[in-house]
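Breakdown of the fold
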Amino acid sequence: MKKILALILSLVMAFSLAVPAVNAATEKTAVVYLEGYGSWLFDENGEQIFPVELDIIGGITEVFDEMTLDLVMGKLTGNYDDYSEKMYNLFAPAFAEIKLDKNGEATDENGNYYFGTGSNPVTYVHHSNDRYDCGYYRFHYDWRLSCEYNAELLADFVENVLASSGADKVSLVGRCLGGNIISAFLENAPEETLSKVDDAVLYIPSTLGVDFIGALFSGNIVLDSNAIDNYVEYSLSGNDILASGGSGDLFEILTVTVNFLNEVYILGFTADEIEKIYEDVKGDTLARILRDSFATFPSFWSMVPAESVEEGIEFIFPTDELKTEYAGLITKIRSYHRNVQLKAEETTKRLSENGMDIMIISKYNFPDFPVSENAMRQSDSTAATFRTSFGATTSDFGNILDKKYTDSVSQENRKYLSADNMIDASTCVLPDNTWFIKNLYHDEFPASVDRLINKFIFTENATVNTFAEYPQFLNYDKETDSLSPVTGLDDGDIIVKGTVTSKLASFMKFMNLVIDIIKKVVSGEIDLGALLG
């Protein structure tokens, strides 16, 4: 019996030399997880002040007549002061308790307390659950503050986790904004601390920016009718909140109506007119609202793409007086931009070459938020794929990469082309360590992705070629919560807008839906009163 066991052990040891080694066999690991923005915030009395209750629709309804008149008069006279004041009064008061000071810092009065941690997230070392095959510790942080400041806290938190858990090293997993903090940590942490990090997983990181935030903060909002149409039909269509609670029929009306209006050019005309009005009011209205809300958060500035940072500072703080007043905040904005964002790709590559296992997970097959010039690019419905992947070349949404482009890809790099011809991963900073998940929304983090990350964490030197079941390009199935290899184009992947056939089909779909809704209302199948409000 002992000989048999010895033989088995010998075979296992021999086999382990031919495959990537499992970390858990040599040392104990703990996972430190960083959520994206949006954790609950409390004031010094323990009262919850975030999430914010913001009834914009109700507010607009109350002053709709006045605002409509103000808007018309503004269009006629060029003076939008009354309209701008009413818009400001709708938004700004809701953020009064959570906005930061002019240095981009929090006080007890504006929510310097976080869910479950009191005011000190560093000492809150709590083993959360068995999400991964090791200790799992969530780093609770104030998501409004500077990513560099939170990275300093993260360094202390890592030391506390190691001391508390007895682990030898940690694996960092950061989602969206959490990825920005990890990037700041990797850039600024002492070598001794970095040596205690075994893996870094960047899940849809916003380190290189989010286009719609850049558009808002720089004032460069662009409204394109096709982008709006695509976003409503393909990015919002899978939203569980809209599809549930009795609003499914209402959402279908919205989707088909927007599609029909776009095909007959009415949506394009409306978008153009709104954009013209926006150009007249953006300085007085948008910049002012942002200065009293999100633009006081250094973290949100970390999600402004590099090319828009200085333009954003000029838009939000247009005068010398404002620049002086907000000098502390502007210093934090530029520090992250220059010391982290602009160096992130180079630093990530260097650390990977020096032995740190780094995994980047990006997503695709949704149009981006329809307010920026990149709205037609591949995205996860919130962040563009070329940014979250650290450099992939992608087709526009609803298309594939141009044949001239794919033919130019070298034979050596053709393995990085997705089977559906939408992504070229060869241009990524880490082409062998970047995975792409198709049809998974930005805000979703299902168990199937945890299983992929778990595999990576417990396998040394893992790449996109290590796991047969998890190649570089994966398709997400929501019904089964599973990932499978992308093998080619799926039905409905290619969407062509603007043809005569699509106009006729759109009109017929619109009319059939109207008739169907009328029938349901008459039969009592739809409660029109409940549907509308």
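Residues numbered from 1 in each chain as written. Predicted model: local features only at pLDDT ≥ 70, side-chain atom pairs only at ≥ 80, totals over all residues. Heavy atoms only, no water.

**Digging into helix α8 (residues 211–218)**
Heads up, the condition is: Per-residue accessibility, obtained with a 1.4 Å probe over protein chains only, is compared with the maximum for each type, and a residue is labelled buried under 20%, exposed over 50%, and partly exposed between these values. Numbering goes from the N terminus for both helices and strands, where a helix is a DSSP run of H or I of at least four residues and a strand is a run of E of at least two. Residue contacts are defined here by distance: any two heavy atoms, one from each residue, within 4.5 Å place the two residues in contact.
Judged by how many residues are buried, α8 sits mostly within the fold: 7 of 8 residues are covered. Taken as a whole, α8 has its buried residues at Asp211, Phe212, Ile213, Gly214, Ala215, Phe217 and Ser218. In this structure, the buried side of α8 is in contact with α13 (286–291), α14 (298–301), α15 (309–316) and α19 (385–388). The first or second residue beyond α8 is glycine 219, which carries a positive phi of 80 degrees.

**Thoughts on the environment of alanine 468**
Tracing the backbone through its elements, the reader meets alanine 468 in the loop between α21 (447–457) and β14 (473–477). Taking the relative accessible area as the measure of exposure, alanine 468 reaches 72% and is therefore exposed. Sequence separation between alanine 468 and proline 485 is 17 residues; the distance between their C-alpha atoms is 9.0 Å.

**Topic: the pattern of salt bridges**
Definition in use: Salt bridges are defined as contacts in which a side-chain nitrogen from Lys or Arg sits within 4 Å of a carboxyl oxygen from Asp or Glu.
Evaluation of the coordinates by the stated rule reveals 17 salt bridges. The residue glutamate 307 makes a salt bridge to arginine 387 at a minimum N-O spacing of 2.7 Å. Separated by 80 residues along the polypeptide, glutamate 307 in the loop between α14 and α15 and arginine 387 in helix α19 bring together distant segments of the chain. Looking at glutamate 307, the relative accessible area reads 53%, which means it is exposed.

**What to know about the packing of aromatic side chains**
Under the convention used in this document: Centre distance within 6.5 Å is the pairing criterion for rings of Phe, Tyr and Trp, where only the six-membered ring of Trp is used; planes under 30 degrees apart are then read as stacked, over 60 as edge-to-face, and the remainder as tilted.
Counted by the stated rule, this structure contains 20 aromatic pairs. Plain terms: the ring middles of phenylalanine 139 and phenylalanine 157 are 5.0 Å apart, the flat faces sit at 45 degrees to each other, and that makes the pair tilted. Of this pair, phenylalanine 139 sits in the loop between β5 (135–138) and α5 (147–165) while phenylalanine 157 sits in helix α5, placing them 18 residues apart in sequence. There is no split in this pair, since phenylalanine 139 and phenylalanine 157 are both buried. Aromatic pair phenylalanine 436 and phenylalanine 473: ring centres 5.3 Å apart, planes at 20 degrees, arrangement stacked. One end of the pair, phenylalanine 436, is in strand β13 (residues 434–438); the other, phenylalanine 473, is in strand β14, with 37 residues separating them in the sequence. Each member of the pair, phenylalanine 436 as well as phenylalanine 473, is classed as buried. Joined through ring pairs, the aromatic side chains of Tyr37, Phe95, Trp143, Phe294, Phe297 and Phe300 make up one cluster.

**Here we look at the packing of α8 against α15**
Just so we agree on the cut-off: Axis definition: a line fitted to C-alpha atoms, limited for helices to the stretch in contact. Angles are taken between N-to-C directions and run from 0 to 180 degrees. By definition in this entry, angles of less than 35 degrees are roughly parallel, angles greater than 145 are roughly antiparallel, angles of 65 to 115 are roughly perpendicular, and the rest are oblique.
Their axes nearest at 7 Å, the elements α8 and α15 cross at an angle of 40 degrees. By the angle between their directions, the pair α8 and α15 is classed as oblique. For the pair formed by α8 and α15, the contact residues are Leu216, Phe217 and Ser218 on the first element and Glu311, Gly312, Phe315 and Ile316 on the second.

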